[in-house]
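Each chain, letter by letter, is given below.
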Amino acid sequence: MKNLVIVMLSSIFLLSLVYSSISQCSDQDNDSICDNNDNCLLIANSDQIDVDSDLYGNICDADFDNNNVVGGSDFNKFRLLFGLTNSSADYNATIDTDSNGAIGGSDFNVLRDYFGKPPGPSGIILPTTTTTTSSTTTTLNPNVIFYVEEFLSNPTDNSVQLSLMPAEDNAVIYAEYGNNSGGYTQYTDNQTSIQEQLLIFNLTNLALDSTYYYRVKTLKSGSSNFLERSEYSFKTKKSSNNKFSFAFAPDSHFYQAYTNLQCLLDDSGLNSWNKSKENIISSGADFVIFGGDNVQTHCGPCVGCPELSVDGENPGTGWIKSQREAELRYRATLKGYQKITNSKYFFRTLGNHDGEAGFEGCGHTNDLTLWSRNARLKYLPNSYDVYNTGNVNGSYFSFEYGDALFVILDVIAGTTILPSTSNDWTLGQEQLSWLNQTLANSTKPWKFVFLEHLVGGDPNLLACNDIYNYGRGTLRATNNSYLNGTFLGEQQLIHQIYKDNNVNIQFSAHDHIFAFGEKLDSNNNPENIYYITGGQVAGGGPPFWTGDSIAFNNTYDFNYDNVPDYLLEKGFTKVTVNGQNNVTIEYI
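Being a predicted model, the structure only gives us computed values, none of them experimental. (Residues numbered from 1 in each chain as written. Predicted model: local features only at pLDDT ≥ 70, side-chain atom pairs only at ≥ 80, totals over all residues. Heavy atoms only, no water.)

A word on the overall build of the protein chain. For the protein chain, the count of helices and strands is 11 helices and 25 strands. Residues classed as buried in the protein chain amount to 57% of the 588 residues present. In the protein chain, of all internal contacts separated by at least 6 residues, the share reaching a separation of at least 24 is 67%. For the protein chain, the computed accessible surface area is about 22,500 Å², with 48% contributed by carbon and sulfur atoms. (Helix = DSSP H or I, 4+ residues; strand = E, 2+ residues; numbered from the N terminus. Buried < 20%, exposed > 50% of the residue type's maximum accessible area, 1.4 Å probe, protein only. Contact = heavy atoms within 4.5 Å. Areas by Shrake-Rupley, 256 points an atom, 1.4 Å probe, with all protein chains shown as cover.)

This is how it looks when you write it as C-alpha cells:
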C-alpha cells in the first residue's frame, strides 16, 4: 500500500549554508563569488552589479569617467546628480554605487573612500607590473567571461546537459568530469564560443545512482594556456527502489524581485529569494522544478519598479516591448538560479507571467508570446531534443526518474481565447491526448503532474477588471464548491484521466501559498489523488489584490471551518520518494 506523508514546516528556514557541491576557492570578501570571477575582490557583492560593464562592480567603482582613477571629474558627475532617484529622467545607475535606486550619502562615501585611487580591485581585471612615468597599465584576465555560468538540465539514464552562455567570441571551451573530486576521467569535445550563443555539453557515459564532479576549462582567444573554472558536483538519475528527492519552487517572480528590494515590501524581494535559495542548496534535493512566473516577460505589477541593468543593458519594466528585453530577463533569472543549478539540474513549468500565452488580452499579445518563446529557446536547452516527447518547442514534456514519472504541462499556451470563465481554459486536444497516452504508457508506481494552475478554476476569483478567469484555487473549484464536487471546466476531464492512470499528485503554482488536500468522490470517499499548491519562494503574498480575499480564503478552506488551510510563509516544497511505497512532502 502506498503511503503519502505531509510535513508542514511553517516558518522554518534551514540556513545551514552547506555548499557541498562547490569546491573551495579563494574568496577574500566572503560573498560566495570566487576571486577570479569577482568584480569587487575586497567588498562583498554577490549580485555582481556592473552597470557600465567595465568589469568593476558598482560598489567598488566610483571611476565614473573610466579613466582608471577617481578624481575631480568623477566628483562633478556625482555632484550634479546628488539627490536623484530612479524616478528621475536624469538618474544614472552608474553613479548609484550601492544600486539602491537613489544617489545619496552612501554613494558619496564610496567616492570619498576611492578618491585619488583606481577602482576595484577586480578579480576579472588583473594589474600588471608594466608601468610608465604617469600610470600603471592593466590587462584583461585570461579567464573567459560568461553571461550565464554553468547550469545543468535534462538528465537521462546515462547523461546530463551542461550549459553556459559566453560573453565573448573564439574561446575554446570543454568540460572534464569523473567520480572523484579532481580526478577527471572523461572529457567533452571542444567547442568554440560565439558571444551570447548557448554552449551545451553532453556529459555522457554516466552511471546511475552516482555522484560526479565536473569543471569547465577555457582557452581565451589569444591565450596559450587553458584555465580551469570552479569544480561542482551532481547526482545522477536513480534506479528503481532508490530514494531521491526534488524541490518544487514556484513563483519566484524573480525578475520583479531582482529589480530592487523596494519593488515589493515585507521580505518579498531578494531577501526571501536568498533564504529559499540557501534552503534549496542545503536540502539534499537531486533536482529542482521551478514553478511558473519566474522570468516575468508579462509583468504588469513590475510597472513603476526601478529598472535593472543586466550586463549594462536595460531589460525594461512592465510587459516586454521587444525580444531583447525578454532575452535579458532570462539572463537575469539564470544568473539568480546559478548557485542552485550548477549542482542540481532544473526543469520549469510556464506561468502566465512567463509570457507564452496562446491568447491575447490583459497584456498578452502575439508578439509578446513569440518574443518570450524565442528567448526561452535561446537561453535554455529544449527538453524535447533530449526526451523526444511533448511538443517540439518544449513547453510541455515528460521524463522518468527513479520510481516516478514526471509530467510537465502547459495550460497557458493551450488556451487560445482570453478565458472569461472556467470552461475557457484548455490544454488543447493535442496536449490532452499526449497526456493520456504518456500516463497510460508509464509503468512507474508514482506519477506526478505539474502545471501553473487548474485547467478551470474558481469562478469567483477574476483578474484584469473582472474579465479574466485566473485559474485560481484547487479542490473547491467545483460545481458545488466542496471537495466532493465535480471540477469546473476541463479540469474534471483531466482529473478523470488521472484516475484512469493512477496519478498520485498534481502540483500547481500561481496562488502564492502552500496547501494540500485529497479529492473526494460524490460519496465523500477519498480518490487517492492529492492536489498540492507548492508555495512561493519569493515575491509578494497571496493574491489578495483581486479584492476578493474572503473568496480566496474560502476556496482554500478544505475542512469548512471558515479558516483557510494554507501557509503564507515563503518557501518551497520538498518531495522525497522512498522507493515504491512511500513519499514524504515537506514545506520548507
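Moving on, we come to the environment of Val537. With respect to the secondary-structure elements, Val537 resides in the loop between β23 (526-534) and α11 (549-555). C-alpha of Val537 to C-alpha of His253: the two residues are 284 residues apart in sequence and 8.6 Å apart in space. If we skip the residues at most four places from it in the chain, Val537 touches Ala249, Pro250, Asp251, Ser252, Ser272, Trp273, Ser276, Lys570, Gly571 and Phe572.

Moving on, we get to the environment of Tyr184. Assignment of secondary structure puts Tyr184 in the loop between β6 (172-178) and β7 (186-187). Between the C-alpha atom of Tyr184 and that of Tyr212, which follows or precedes it by 28 residues, the distance is 9.3 Å. Engagement of the side chain of Tyr184 in a polar contact is seen with the side chain of Glu231, the distance being 2.5 Å. (Polar contact = N/O pair within 3.5 Å; in protein donor to acceptor, adjacent residues only side chain to side chain.)

Let us look at the state of the cysteines. Using the criterion set out here, one finds 2 disulfides in the structure. Between the sulfur atoms of Cys40 and its disulfide partner Cys60 the distance amounts to 2.0 Å. Taking the sign of the S-S torsion, -90° for the link of Cys40 and Cys60, the bridge is left-handed. In this pair, Cys40 sits in the loop between β1 (3-8) and α1 (72-81) while Cys60 sits in the loop between β1 and α1, placing the two residues 20 residues apart along the sequence. (Disulfide = S-S within 2.5 Å.)

Note on sheets: strands pair through backbone hydrogen bonds, and any given pair is parallel or antiparallel. Strand order across the open sheet formed by 3 strands is β4-β5-β9, with antiparallel pairing between neighbours. Either end of the sheet is taken by a strand with one partner, and the two such strands are β4 (146-153) and β9 (199-203). Neighbour to neighbour, the strand axes of the sheet diverge by 15° on average, direction disregarded. Pairing analysis gives 5 bridges linking β4 to strand β5 (residues 160-166), with the strands arranged antiparallel. Bridge pairing in β5 places Phe151 opposite Ser163. (Pairing = 2+ DSSP bridges. Axes fitted to C-alpha atoms, helices over the stretch in contact; angles between N-to-C directions.)

For the structure on display, the rule yields 20 salt bridges. The partner of Asp311 in a salt bridge is Arg331, and the shortest N-O contact between them spans 2.8 Å. With Asp311 in the loop between β14 (287-290) and α5 (323-341) and Arg331 in helix α5, the pair connects residues that are 20 residues apart, well separated along the chain. Owing to a relative accessible area of 0%, Arg331 belongs among the buried residues under this scheme. The shortest N-O distance in the salt bridge between Arg324 and Glu327 comes to 2.8 Å. (Salt bridge = Lys/Arg side-chain N within 4 Å of Asp/Glu carboxyl O.)

So, about the packing of helix α9 (residues 429-441) against helix α10 (residues 491-500). For any two helices packed against each other, one specifies the inter-axial angle together with the distance between the axes. Contact pair α9 / α10: the axes reach a minimum separation of 10 Å and the direction vectors enclose 15°. On the basis of their axis angle, the class for α9 and α10 is roughly parallel. Here the hand of the crossing between α9 and α10 comes out right-handed. Facing Leu432, Leu435, Asn436 and Leu439 of α9, the residues of α10 in contact are Leu493, Ile494, Ile497 and Tyr498. (Parallel < 35°, antiparallel > 145°, perpendicular 65-115°, else oblique. Left-handed = near helix turned anticlockwise from the far one by under 90°.)

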